[in-house]
Every structure is written in C-alpha cells, then in structure tokens.
Amino acid sequence: MSVTLKLATSLDGRIATAAGESRWITGAQSREQVHRLRAAHDAVLVGIETALADDPELTVRLPGYNGRQPARVVLDSRQRLTPDCKLVKTARDVPTYVIATEDPSPALLAAGVKVLAVRAVGEDRPELKTVVKALAAEGLSDLFVEGGGQVAGSFLRCGLVDTIEWFRAPILIGGEGRPAVGALAVAALAEAPHFRRVEVTALGDDLWERYARG
Ligand SMILES: NC(=O)c1ccc[n+]([C@@H]2O[C@H](COP(=O)([O-])OP(=O)(O)OC[C@H]3O[C@@H](n4cnc5c(N)ncnc54)[C@H](OP(=O)(O)O)[C@@H]3O)[C@@H](O)[C@H]2O)c1
C-alpha cells in the first residue's frame, strides 16, 4: 500500500483564495505532470469540499492517452455528493467510490457509485487506516491524494503519507487563502511529520519537488 500526497500551491503554501478560487494556481506543465502521476496510480482521492467546490473529473487527460483511468474516491461521510456532479455522472465509465460513515444512499448507488461504509472516529469521519484497507481490498493499493487541505492534514496526521509531490507556483496568496495542509496537532517541532527532498524539477515557472517520508 502506498499513499502519495499531491500539493499544488502558491509559494506561501495556499491551495485557493479565501473565496475558494483555485484554478489555476500552477502552470500548464505542472498540470500535465499531475495527469501523468494520476495515470501511475490506482486511485485518485479528494475530500467532499473539493468535489463540491471544483466539480472535478479527476481523470487522466493527456494527448493520445488511452491507458486505464484510475478510480476516483471521495471522502464524504454524509454522502453530500450530488447526482449532477461530473464524478457521479461518469461513475459508469470510471469506477467511483464514496467513503461514507452511513449506509449507502440509493441515489448514489443508482448512479453506479460504489459506497463503502467505514466506521467513524472523532468528528464522525471515516477512520483513514480503515479506509486505506477497504480500498486495498478493492484492488486499489496506490493512492494519489489530491486534497484539499483538511484531507491532506488528516493523511499526514495519521502517518499515512509516503511521498509528497509538491507543485509550487511563483505567486503569493497570503494568510487569508486556504492552507495546503490543515491542522496537524503539532505541539512541538519534534512531533512534526518529517520528509526528505529527493528530487527537484523546474516546470516552466513552477517548481516540482518530490519528498519521501523520513
Ligand atoms: N490547488 C489545488 O491543487 C487544490 C486541490 C484540492 C483542493 N483545492 C481547494 O481546496 C478547497 C477545499 O479544501 P478543504 O480543506 O476545504 O476540504 P477537503 O479537504 O477537500 O474536504 C474536507 C471534507 O472531507 C470530508 N472528510 C471525510 N473524511 C475526512 C477525513 N478523514 N479528514 C478530513 N476530511 C474528511 C469532511 O466532510 P464530511 O465531514 O462531510 O465528510 C471534510 O469537511 C477548495 O477550495 C478547493 O478548490 C485546491
């Protein structure tokens, strides 16, 4: 099982403005590289706030690409994903999972979405170690986590992130923007999750940094 966290941020680590505008912080070359990384994973995972705010497809869209599409996974305790969003509308073409804490909603099932009920822990959210195991049982063992900040924070807090793919654009959004990583409950620096940089590549005006745990 491996978990990769993708962050596409401003220089000051913001993933959206205060109003939620996030398209596009990084440049075309970074976005193309994100599509290549998606293609190398079994599943792409986002939180429900990202699914509702951006209505993403989370598919691999590269010129000439006709390989397999990774499954899409939404962490959505209360099944707020709506039938009119792209993920639900295309669920019969690309496997789409909702991770909930309750019994599957008939509307999502009817649209072809697979709902996995995972027991909740604090804040009534699905417990991530169980989520990862449930996805592995579906044959999805290489996860590409694309945010948002709360979900990134939860995966890091649980110690589940093996690799960070960080795309950094040369703009500043400021403190009122949305942070790339939500609360980590770090009380002392010694407790901070630690990563080592293993690669840096310039992509146009952006930097693409890869970090490995440890
Ligand atoms: N720049 C980028 O590349 C990028 C990428 C992604 C997102 N974004 C932006 O980020 C913003 C959304 O980020 P966000 O931090 O507000 O929300 P988020 O991380 O996308 O979603 C958070 C929601 O996911 C659900 N959830 C279920 N299990 C969870 C768990 N274990 N840990 C955390 N959340 C869990 C919770 O809702 P329930 O309690 O209802 O389950 C929670 O409110 C949007 O503005 C989007 O545009 C930017």
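What you see as residue numbers is a count from 1 along each chain, following the sequence as written. Owing to the predicted nature of the model, reporting of local features is limited to residues with pLDDT of at least 70; listing and counting of side-chain atom pairs is limited to 80 or more, with chain, interface and lining totals taken over all residues.

A. Spotlight on the overall build of the chain. A run of H or I in DSSP counts as a helix once it spans at least four residues, and a run of E counts as a strand once it spans at least two, with each numbered from the N terminus. Within the chain one finds six helices and 13 strands. We compute the radius of gyration over the C-alpha atoms and compare it with the globule rule, which gives 2.2 Å times the number of residues raised to the power 0.38. Whereas a compact globule of 214 residues would reach a radius of gyration of roughly 17 Å, the chain reaches 17 Å, a difference of no more than 12%. A principal-axis box enclosing the C-alpha atoms of the chain has dimensions of 45 × 45 × 35 Å. Evaluated residue by residue, the chain yields a buried proportion of 38% over its 214 residues. We call two residues in contact when the distance between their C-beta atoms, placed using the backbone, is within 7 Å. When contacts within the chain are restricted to residue pairs at least 6 apart in sequence, those whose partners lie at least 24 apart make up 70%. Burial is judged by counting the other C-beta atoms within 10 Å of a residue's own C-beta: 20 or more makes it buried, 12 or fewer makes it exposed, and any count in between marks it as partly exposed, with every C-beta position built from the backbone.

B. Molecular detail of the pairing of strand 3 (residues 43-47). Within strand 3, five of the five residues are buried, which leaves it mostly tucked inside the rest of the structure. Judged by which residues are buried, strand 3 turns out to be covered on both faces: Ala43, Leu45 and Gly47 on one side and Val44 and Val46 on the other are all buried. For two strands to be treated as a pair, DSSP must find no fewer than two bridges joining them. Sheet analysis places strand 3 next to strand 4 (residues 71-75), joined by five bridges and oriented parallel. Across the sheet, the residue bridging to Val46 is Val74, located in strand 4.

C. Region of the structure containing the site of the ligand. For the ligand, the set of nearby residues contains 30 residues, the closest of which are Gly47, Glu49, Ser77, Gly147 and Gly148. Contributing elements (two or more residues each) for the shell around the ligand: strand 2 (14-16), strand 3, helix 2 (48-54), strand 8 (125-126) and helix 6 (149-157). Ranked by the residues each element gives to the shell around the ligand, the list is headed by helix 2, at five residues. Under this grouping Gly is polar, as are all residues other than the nonpolar Ala, Val, Leu, Ile, Met, Phe, Trp, Tyr, Cys and Pro and the charged Asp, Glu, Lys and Arg. Residue classes in the shell around the ligand are distributed as 11 nonpolar, 11 polar and eight charged. To decide whether a residue is near a molecule or strand, its C-beta atom is placed from the backbone and checked for lying within 6 Å of it.

D. Structural context of helix 5 (residues 128-137). Along helix 5, the residues classified as buried are Leu128, Val131, Val132 and Leu135. Buried residues of helix 5 fall within an arc of 95 degrees about the axis and therefore sit on the same side. Among the exposed residues of helix 5, those pointing more than 90 degrees away from its buried face are Lys133 and Ala137. Here the arc refers to the directions that run from the helix axis out to each C-beta atom.

E. Looking closely at the sheet that holds strand 13 (residues 206-213). Taken in spatial order, the nine strands line up as 6-5-4-3-9-1-10-13-12 in an open sheet, and their pairing is mixed. Where the open sheet ends on each side, the last strands, each with one partner, are strand 6 (114-117) and strand 12 (195-203). Neighbour-to-neighbour, the strand axes of the sheet open up by a mean angle of 20 degrees, direction not taken into account. Axis angles are defined between N-to-C directions and span 0 to 180 degrees, where every axis is a line fitted to C-alpha atoms and, for a helix, only to the segment in contact. Strand contacts of helix 6: strand 1 (2-10), strand 3, strand 4 and strand 9 (142-145), with the helix running at about 140 degrees to strand 1, the strand carrying the most contacts.

F. Structural view of helix 6. In terms of residue burial, helix 6 counts as a mostly covered element, since seven of its nine residues are buried. Just past helix 6, the residue Gly159 takes up positive phi, approximately 70 degrees.

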